[in-house]
Amino acid sequence: MKEQIQNAMRRIPAMNTLLSQPWVAFYEAEIGRGTVKAVIADVLDEQRKKIIKNPDVAFDADSVAGTARAELEKKARSTLRRVVNATGVVIHTNLGRSLLAEEAVQAVLNTAAHYSTLEYSLESGTRGHRNDHVEWLVCRLTGAEAALVVNNNAAAVILSLMALAKDRETVISRGELVEIGGSFRIPDIMELSGTRMVGVGTTNRTHLKDYAAAITEDTSMLLKVHPSNYRITGFTSSVPRGELAALAREKGLVFMEDLGSGMLVDTSPVGLNDDPTVRECLEAGVDLVTFSGDKLLGGPQIGVIVGSGDLISRLRTFPLLRALRVDKMTLAGFEATLRLYLKGEEKKIPTIAMVFRGEDELKKQALRLADKLSAFLGDKKLRSVDIEVIRVSDTVGGGTFPQSELGGYAVSVRLPEIGGAGKLADRLRSVSSPVIAGASEDRLLLHVRTLSDEDEQIIIAAFKEMLGWND
Ligand SMILES: *Cc1c(COP(=O)(O)O)cnc(C)c1O
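Residues numbered from 1 in each chain as written. Predicted model: local features only at pLDDT ≥ 70, side-chain atom pairs only at ≥ 80, totals over all residues. Heavy atoms only, no water.

1. Thoughts on the packing of aromatic side chains
Then step 1. In this structure the tally under the stated criterion is two aromatic pairs.
Then step 2. When the ring of Trp23 is compared with that of Tyr27, the centres are 6.4 Å apart and the planes differ by 75 degrees; the resulting orientation is edge-to-face.
Then step 3. Plain terms: the ring middles of Phe26 and Tyr27 are 5.0 Å apart, the flat faces sit at 80 degrees to each other, and that makes the pair edge-to-face.
Then step 4. Taking relative accessible area as the criterion, Phe26 reaches 46% and is therefore assigned partly exposed.
Then step 5. A residue is classified by how much of its surface remains accessible, and Tyr27, at 3% relative accessible area, is buried. (Phe/Tyr/Trp six-rings, centres within 6.5 Å; stacked < 30°, edge-to-face > 60°. Buried < 20%, exposed > 50% of the residue type's maximum accessible area, 1.4 Å probe, protein only.)

Written as structure tokens, this is what we have:
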């Protein structure tokens, strides 16, 4: 046994042998010689462990070199990569939610590359406040008295609860004790913030009298939470904002709403009318509304708190705010996005544009992409290619309008010689410019709602690479 192990160990190539391979120079240039050595050392170590576990394990010098090269390849490539989103989910959290408008991209670049007035007043030559760049814009667009921005909506909710309801009671409907995803669970967030959660009503029905009965001397807040990607249907009832606002006013409580997506424009023209805009919530009497900047608003990742000037001033001086402050690039991108709304040019914001795309336009794009793919694949000697344009349901994503589907179009592709839809999707993810596609039964689906013209070229290139036609 021992001898067997020793023999196998001797067959492992030496570090120096691997370092003298012709392909090593490329990786040294990319990640440095020290890192190359460390990566190879790990591969050799792994091989030794395999031998100790099973002295008969099959390997040779070439297979070890191949593994080392594959590991170096992984390290040489950034893992945060551009992809094509052909899923038809506009606000896809795993794919980075909203794309910034061109104006916002330029603002980010400009702020990243140069010094700026981030916290500087040109008038007085003294310190300014980073929140000032966007506060007036947010107020203008939502009708709020005051606004404060933090890193994301989760931070907005935690900050508000800690500053306004810590060690006191917060009343919430049991139908809103939801998990949003990415480990944001309302009961946990409330506990973390130090407020005592008082759940009222039932999962499906909560009435105004339930809230009223739960209010004690210890109550500080009524909280309403958008259930995001979750809906209870059937025998349901919840209390309208106006009634909750009146109750809160009567009892001297804060009425806060975690709205989630935070729409600034009316989306009912495209059939999305279950959710109010931020302005509508404030008009209904909500004291504080929190929402994300990178969902339907279409900006960078940011959390916005809008509402009463008094409450916002209490948040402004709360020490936790320093840990949640927004980066300059984010602020620049957010300001530029808000300015597009101000100008009435919100259709330049990719998220808004994609949500509002009409079916005729989508169909035209799908037919064009199908033509390109057919022309390209038809040229080659594949026995069976099946490409057609079909109707599909797209979704807004980001926890918005979970029940409303947007009628869309996709190019359906079947290439049985390569494999089923799952196999095709896997292969399209593993090319140099990855494409994330949908699938339905045996069809690969390329939803066009989320595709730019440039993406169409990338998709053709991805098929080319996937099929090994890099001529
Ligand atoms: C998305 C969402 C959050 C989390 O917002 P982030 O900006 O991702 O932190 C919180 N609450 C609701 C209701 C949401 O929809």
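2. Focus on the environment of Glu145
Then step 1. Position of Glu145 relative to the elements: it lies in the loop between helix H7 (132–142) and strand E5 (146–150).
Then step 2. Judged by relative accessible area, Glu145 falls into the exposed class, the value being 64%.
Then step 3. In the structure, Glu145 is positioned 163 residues away from Ser308 in sequence and 5.6 Å away in space, judged by C-alpha atoms.
Then step 4. Excluding its chain neighbours within four sequence positions, the residues that come into contact with Glu145 are Cys139, Gly307, Ser308, Gly309 and Asp310. (Helix = DSSP H or I, 4+ residues; strand = E, 2+ residues; numbered from the N terminus. Contact = heavy atoms within 4.5 Å.)

3. Concerning the pattern of salt bridges
Two side chains with opposite charge may pair up if their charged atoms get near one another.
Then step 1. Counted according to the given criterion, the structure contains 30 salt bridges.
Then step 2. Of the charged contacts in the structure, one is a salt bridge between Asp275 and Arg231, with a shortest N-O distance of 3.9 Å. With Asp275 in the loop between strand E9 (254–260) and helix H12 (278–283) and Arg231 in the loop between strand E8 (219–225) and helix H11 (241–251), this pair connects stretches of sequence that are 44 residues apart.
Then step 3. Exposure remark for Arg231: the relative accessible area of 25% places this residue in the partly exposed category.
Then step 4. In this structure, Glu359 and Arg391 form a salt bridge, with 3.0 Å as the shortest nitrogen-oxygen distance. (Salt bridge = Lys/Arg side-chain N within 4 Å of Asp/Glu carboxyl O.)

4. What to know about the sheet that holds strand E11 (residues 303–307)
Then step 1. On the basis of which strands lie adjacent, the open sheet formed by seven strands has the order E5-E11-E10-E9-E8-E6-E7 and mixed pairing. Looking at strand neighbours, the two that pair on one side only are E5 and strand E7 (196–200), the edges of this open sheet. Averaged over all neighbouring strand pairs, the angle between strand axes comes to 25 degrees, with direction disregarded.
Then step 2. In this sheet, strand E10 (residues 288–292) lies alongside E9 in parallel orientation, the contact comprising four bridges. Paired with Gly260 across the strands is Phe291, a residue of E10. (Pairing = 2+ DSSP bridges. Axes fitted to C-alpha atoms, helices over the stretch in contact; angles between N-to-C directions.)

5. Some words on the site of the ligand
Then step 1. Close to the ligand lie Arg97, Asn152, Asn153, Ala154, Ile180, Phe184, His226, Ser228, Asp258, Gly260, Ser292 and Lys295.
Then step 2. Within the side chain of Lys295, one N or O atom sits 2.7 Å away from an oxygen atom of the ligand.
Then step 3. Burial of the ligand by the protein amounts to 92% of the accessible area it has alone, namely 380 Å².
Then step 4. Going through the elements one at a time, helix H8 (153–165) and E9 are the ones with two or more residues in the shell around the ligand.
Then step 5. Among the residues forming the shell around the ligand, the class breakdown is three nonpolar, six polar and three charged. (Near = heavy atom within 4 Å. Polar contact = N/O pair within 3.5 Å; in protein donor to acceptor, adjacent residues only side chain to side chain. Areas by Shrake-Rupley, 256 points an atom, 1.4 Å probe, with all protein chains shown as cover. Nonpolar A, V, L, I, M, F, W, Y, C, P; charged D, E, K, R; others polar.)

6. Comments concerning the packing of helix H6 (residues 102–113) against helix H14 (residues 328–342)
The description of two packed helices rests on the angle between their axes and on the distance between the axes.
Then step 1. It is at 8 Å that the axes of H6 and H14 come closest, and there the two elements cross at 150 degrees. The angle between H6 and H14 falls in the class roughly antiparallel. Note on packing geometry: the crossing formed by H6 with H14 is right-handed. Contacts between H6 and H14 pair Glu103, Ala104, Ala107, Val108, Thr111 and Ala112 from the former with Lys328, Met329, Ala332, Gly333, Ala336, Thr337 and Leu340 from the latter.
Then step 2. For the contact of H6 with H14, the per-class residue count stands at eight nonpolar, three polar and two charged. (Parallel < 35°, antiparallel > 145°, perpendicular 65-115°, else oblique. Left-handed = near helix turned anticlockwise from the far one by under 90°.)

7. A few points about the packing of H7 against H14
Then step 1. Two elements in contact, H7 and H14, have axes separated by 10 Å at closest approach and are oriented at 30 degrees. Here H7 lies roughly parallel to H14, going by the angle between them. The handedness of the crossing between H7 and H14 comes out as left-handed. Contact with H7, carried on its side by His133, Val134, Trp136, Leu137, Val138, Arg140 and Leu141, involves Leu331, Phe334, Glu335, Leu338, Arg339, Tyr341 and Leu342 of H14 and no other residues of that element.

8. Observations concerning the state of the cysteines
Then step 1. One pass over the full model with this rule turns up zero disulfides.
Then step 2. For the unlinked cysteine Cys139, the closest cysteine sulfur is that of Cys281, found at 15 Å.
Then step 3. By relative accessible area, which is 0% here, Cys281 ends up buried. (Disulfide = S-S within 2.5 Å.)

9. Examining H8
Then step 1. For H8, with 13 residues, the first-to-last C-alpha span of 17 Å sits near the 18 Å given by 1.5 Å per residue.
Then step 2. Extensive coverage of H8 is indicated by the burial of eleven of its 13 residues.
Then step 3. What H8 keeps buried is the set Asn153, Ala155, Ala156, Val157, Ile158, Leu159, Ser160, Leu161, Ala163, Leu164 and Ala165.
Then step 4. Asp167 sits one or two positions beyond H8 and adopts a positive phi of about 65 degrees. (Expected span 1.5 Å × (residues − 1).)

10. Structural notes on the sheet that holds strand E13 (residues 406–414)
Sheets are built from strands that pair by backbone hydrogen bonding, the pairs being arranged parallel or antiparallel.
Then step 1. Pairing within the open sheet is mixed, and its six strands lie in the order E1-E14-E15-E13-E12-E2. Edge positions in the sheet fall to strand E1 (84–86) and strand E2 (89–91), since each of these pairs with one other strand and no more. Along the sheet, successive strands turn relative to each other by an average axial angle of 35 degrees, direction set aside.
Then step 2. Alignment of E2 against strand E12 (residues 386–397), held across two bridges, turns out to be parallel. Following the sheet pairing, Val89 is matched in E12 by Thr395.
Then step 3. Strand contacts of helix H16 (residues 359–378): E12, E13 and strand E15 (443–447), with the helix running at about 10 degrees to E13, the strand carrying the most contacts.

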